[in-house]
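# Observations on chain architecture
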Amino acid sequence: MESEATAPWGAEREVGVGPWEGPWPEGDHYDPELLAQGDRRNVVDKYRYWSHAAIVADLDTRRHGFHVAIENWQHDFNIGTVVRTANAFLAKEVHIIGKKRWNRRGAMVTDKYQHIRHHASVEEFLGWAGTAGVVVLGVDLFPDSVPLETYDLPRNCVLVFGQEGPGLSEQVRQAAEATLSIAQFGSTRSINAGVAAGIAMHAWIRQHTQV
Ligand SMILES: C[S@@+](CC[C@H](N)C(=O)[O-])C[C@H]1O[C@@H](n2cnc3c(N)ncnc32)[C@H](O)[C@@H]1O
């Protein structure tokens, strides 16, 4: 089980803060156990000593309009990376289409703070998107894909990624409002799905947020 206190850069450097020193701060968002024991979780400084529920509630007040979805027909190893990046960029939700189980290791416990919804089939996923009024955008290198670099991403959209090997399913491709490609210049046919997801999420961030 991945520890939230494990530093991504190595085990020897301890993450976080020790027990609270001095009179305890006031506020329901503080977790008495963390104040007493210290907070070694992989969270930004603003959330030090906050309870898990208080952190999620605060994130929920600020989540962005984009969702991400990844197809998981063969246990894709990139899902942890996608979840971690979705957490960092504050995606509304992560959707896993296909198999429910996924390898949590790469998520570095960020999945605890991220809403994750499972859809057993593409139909179920498309039904959710229709009801939620979220524009479905496939991300893959098809001959008719539009460059992500010049595409105006809708505020409320779901960016759907295929998995290593087969890539985006034909069902998602057909149902998507558009499919978007990330420009490549080298010899490889494609980039890693987790990397592609990070680039696409950041494209949305560049278009819709003030940094
Ligand atoms: C490694 S690719 C799948 C293999 C790919 N179908 C091929 O022919 O090499 C896995 C997923 O990463 C994403 N991806 C990889 N490179 C991409 C690119 N240049 N533009 C858009 N999506 C990309 C897509 O979502 C794709 O379904």
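Below is a short write-up of the structure. (Residues numbered from 1 in each chain as written. Predicted model: local features only at pLDDT ≥ 70, side-chain atom pairs only at ≥ 80, totals over all residues.)

Time to look at the pairing of strand E7 (residues 178–181). When strand E4 (residues 135–139) meets E7, the two strands line up parallel, connected through 3 bridges. Along E7, the bridge assignment pairs Gly138 with Thr179. Bridging between strand E5 (residues 146–147) and E7 involves 2 bridges; their strand directions are parallel. Note that in E7 the partner of Val146 across the bridge is Leu180. (Pairing = 2+ DSSP bridges. Helix = DSSP H or I, 4+ residues; strand = E, 2+ residues; numbered from the N terminus.)

On to the packing of helix H3 (residues 79–88) against helix H6 (residues 193–208), then. Running from N to C, H3 and H6 point in directions that differ by 20 degrees, and their axes come no closer than 8 Å. Judged by the inter-axis angle, H3 sits roughly parallel to H6. Two packed elements cross with a definite hand, and for H3 against H6 that hand is right-handed. Across the interface between the two elements, Thr81, Val82, Thr85 and Ala86 of H3 pack against Gly194, Ala197, Gly198 and Met201 of H6. Split into classes, the residues belonging to the contact of H3 with H6 amount to 4 nonpolar, 4 polar and no charged. (Axes fitted to C-alpha atoms, helices over the stretch in contact; angles between N-to-C directions. Parallel < 35°, antiparallel > 145°, perpendicular 65-115°, else oblique. Left-handed = near helix turned anticlockwise from the far one by under 90°. Contact = placed C-beta atoms within 7 Å. Nonpolar A, V, L, I, M, F, W, Y, C, P; charged D, E, K, R; others polar.)

Another aspect to go through is unusual backbone geometry. Positive phi values are uncommon outside glycine, yet Met108 reaches one of about 50 degrees. Among the structural elements, Met108 can be located in the loop between strand E2 (94–98) and strand E3 (116–119). Under the C-beta neighbour-count criterion, Met108 is labelled partly exposed, with 19 such atoms within 10 Å. In this structure, Val109 takes a positive phi of about 70 degrees despite not being glycine. Relative to the helices and strands, Val109 is located in the loop between E2 and E3. Judged by local crowding, Val109 falls into the buried class, with 21 C-beta atoms found within 10 Å. (Buried ≥ 20, exposed ≤ 12 C-beta atoms within 10 Å, placed from the backbone.)

Let us now look at the nonpolar core. Ranked by internal contacts, the top residues of the largest apolar core, which has 39 residues, are Val68, Leu137, Val158, Leu159, Val160 and Met201. Elements with a minimum of two residues in this core: strand E1 (66–72), H3, E2, helix H4 (122–132), E4, strand E6 (157–161) and H6. Top contributing element to this core by residue count: H6, with 6 residues. When near neighbours in sequence (up to four residues on either side) are disregarded, Leu137 contacts Cys157, Val158, Leu159, Val160, Ala176, Glu177, Ala178 and Leu180. (Core = buried A, V, L, I, M, F, W, Y, C linked by C-beta atoms within 7 Å.)

Moving on to the environment of Asn87. One can find Asn87 in helix H3. As for Asn87 and His202, which are separated by 115 residues in sequence, their C-alpha atoms are 12 Å apart. Sequence-distant contacts of Asn87, defined by excluding residues within four places in its chain, comprise Thr110, Tyr113 and Gln114.

With that settled, the discussion passes to the site of the ligand. The full set close to the ligand counts 17 residues, and Gly162, Gly167, Ile182, Ala193 and Ala196 are the nearest of them. Considering only residue class, the shell around the ligand consists of 8 nonpolar, 6 polar and 3 charged. (Near = placed C-beta within 6 Å.)

A word on the sheet that holds E4. Taking strand neighbours across the sheet as the criterion, the 7 strands line up as E3-E2-E1-E6-E4-E7-E5 in an open arrangement whose pairing is parallel. The open sheet terminates on both sides in strands that have one partner only, identified here as E3 and E5. Bridge count between E1 and E2: 5 bridges; the pairing is parallel. The residue of E2 that forms the bridge with Asn72 is Gly98.

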